[in-house]
Amino acid sequence: MKTDGQESAHSDDTPHTPTHGMKRRGMMLVLASPPGGGKTSISREIAKRDPKTMISVSATTRAKRPGEEDGKHYYFVTRPKFEEMVSNGEMLEYALVYNSQMYGTPKAPVEEALNRGIDVMFDVDWQGNRSLSATAHEDVVSVFILPPSWDALATRLHNRAQDSEEEITKRLAKAKDEISHYKEFQYILVNHEFENSVERLRSIIDGERLKRHRLRGIDDFVSKLKPGK
Ligand code: 5GP
């Protein structure tokens, strides 16, 4: 992904991460976990608390689950429509998940948000992390969320009750596969307790916001740090 110039980044002077009016480019916070690992609820909580963040809405060919809304949880599209989006270059990344359904990240809203200094969270699998890390380099901060134990994960998947036994078996297999990719992530967060995990993820975000390469206004700021200015 291209990295735009200083003029397109916005100030990020929040109480948590004061940057003294310096403009900042947003980061791409790639969150992965085995299904049932907690990434969806953690990212929603962060988005609710921090107006400088948003969650990227993926497109998928899978069927809508009860309670899901088109445009909010996913863009639910047909396979031909998905393929059209891919061939028009509208996807930042896409992957075949569970060997059956396509999932992908639409590009335009992400680029627009990053340019406004908004941090975008991505609920993707390990394949999504690989593609995004390969194309977006320094914009990407990748976090892998692990369950405290295999039993905790299996119990969560069973308690969801939205899915059939067959679907649960598929998700447990996906969980095992997903966990095997933990080494491809920059940060590891073991999700023992929800509130604590939210706070630790916020600490990661706060630290990453102060990375020099994201602070587009740093040269201006430093040039003014002179006697008499
Ligand atoms: P679910 O069907 O349970 O909502 O998601 C299934 C898996 O697909 C999850 O691991 C989720 O993170 C992943 N996923 C959702 N959206 C995307 C996407 O845009 N790209 C990729 N690579 N994976 C995605």
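Now for a quick tour of the structure. This is a predicted model, so every value here is computed, not measured.

1. What to know about the nonpolar core
No. 1: If you look at the biggest cluster of nonpolar residues, it comprises 14 residues, and the most contacted ones within it are Leu29, Ile46, Val143 and Leu201.
No. 2: Elements with a contribution of two residues or more to this core: strand 3 (28–32), helix 1 (39–49), strand 10 (140–146) and helix 7 (194–209).
No. 3: The contacts of valine 143, once residues within four sequence positions are left out, are Leu29, Val30, Leu31, Ala32, Phe185, Tyr187, Leu189, Leu201 and Ile204.
No. 4: Met28, Leu92, Ile118 and Val120 belong to the second-largest nonpolar core, a separate cluster that totals 13 residues.

2. Describing the sheet that holds strand 6 (residues 74–76)
No. 1: The 4 strands are arranged 6-5-8-7 in an open sheet whose pairing can be described as mixed. At either margin of the open sheet sits one strand with a lone partner, and together these are strand 6 and strand 7 (91–97). Between one strand axis and the next, the sheet turns through 25° on average, direction left out of account.
No. 2: Looking at chain direction, strand 5 (residues 58–60) and strand 8 (residues 101–106) are connected through 2 bridges and run antiparallel. Paired with alanine 59 across the strands is glycine 104, a residue of strand 8.
No. 3: With respect to the sheet, helix 3 (residues 107–115) is in contact with strand 7 and strand 8, its orientation differing from that of strand 8 by roughly 30°.

3. A closer look at the site of the ligand
No. 1: Neighbouring the ligand are 17 residues; Lys39, Arg62, Tyr74, Glu93 and Tyr103 lie closest to it.
No. 2: Arginine 62 has a polar side-chain atom sitting 2.6 Å from an oxygen atom of the ligand.
No. 3: When residues of the shell around the ligand are traced back to their parent elements, those giving at least two are strand 7 and strand 8.
No. 4: Along the lines of polarity and charge, the residues of the shell around the ligand split into 6 nonpolar, 4 polar and 7 charged.

4. A short note on the packing of aromatic side chains
No. 1: The full count for this structure, using the stated rule, is 4 aromatic pairs.
No. 2: Pairing phenylalanine 82 with tyrosine 94 gives two aromatic rings, centres 6.4 Å apart and planes at 75°, and the pair type is edge-to-face. Here phenylalanine 82, found in helix 2 (residues 79–87), pairs with tyrosine 94, found in strand 7; they are 12 residues apart in sequence, far enough to count as distant.
No. 3: The exposure class assigned to tyrosine 94 is partly exposed, which follows from its relative accessible area of 43%.
No. 4: Clustering of aromatic rings is evident, with ring pairs tying together Tyr74, Phe76 and Tyr103.

5. As for the packing of helix 5 (residues 150–160) against helix 6 (residues 165–179)
No. 1: Interhelical geometry of helix 5 versus helix 6 gives an angle of 150° and a closest axis separation of 10 Å. The element helix 5 and its partner helix 6 pack so that their crossing is right-handed. Of the residues in helix 6, those in contact with Trp150, Leu153, Ala154, Leu157, His158 and Arg160 of helix 5 are Glu165, Ile168, Arg171, Leu172, Ala175, Lys176 and Ile179.

6. Concerning unusual backbone geometry
Peptide bonds are mostly trans, and most non-glycine residues show a negative phi.
No. 1: Phi at histidine 137 is positive, roughly 40°, even though this residue is not glycine.
No. 2: As for its placement among the helices and strands, histidine 137 is situated in the loop between helix 4 (126–136) and strand 10.

7. Details of the pattern of salt bridges
It is possible for side chains of opposite charge to pair when their charged atoms get near one another.
No. 1: Counting across every chain of the model gives 20 salt bridges.
No. 2: Arginine 79 is the salt-bridge partner of glutamate 83, the closest N and O atoms lying 3.1 Å from each other. Placement of the pair is glutamate 83 and arginine 79 together in helix 2, with a separation of 4 residues, close to one helical turn.
No. 3: Between aspartate 119 and arginine 209 there is a salt bridge, with its nearest N and O atoms 2.7 Å apart. Of the two residues, aspartate 119 sits in strand 9 (residues 119–123) while arginine 209 sits in helix 7, which places them 90 residues apart along the sequence. Taken as a pair, aspartate 119 and arginine 209 share a single burial class, namely buried.

About the criteria used
Residues numbered from 1 in each chain as written. Predicted model: local features only at pLDDT ≥ 70, side-chain atom pairs only at ≥ 80, totals over all residues. Heavy atoms only, no water. Core = buried A, V, L, I, M, F, W, Y, C linked by side-chain atoms within 4.5 Å. Buried < 20%, exposed > 50% of the residue type's maximum accessible area, 1.4 Å probe, protein only. Helix = DSSP H or I, 4+ residues; strand = E, 2+ residues; numbered from the N terminus. Contact = heavy atoms within 4.5 Å. Pairing = 2+ DSSP bridges. Axes fitted to C-alpha atoms, helices over the stretch in contact; angles between N-to-C directions. Near = heavy atom within 4 Å. Polar contact = N/O pair within 3.5 Å; in protein donor to acceptor, adjacent residues only side chain to side chain. Nonpolar A, V, L, I, M, F, W, Y, C, P; charged D, E, K, R; others polar. Phe/Tyr/Trp six-rings, centres within 6.5 Å; stacked < 30°, edge-to-face > 60°. Left-handed = near helix turned anticlockwise from the far one by under 90°. Salt bridge = Lys/Arg side-chain N within 4 Å of Asp/Glu carboxyl O.

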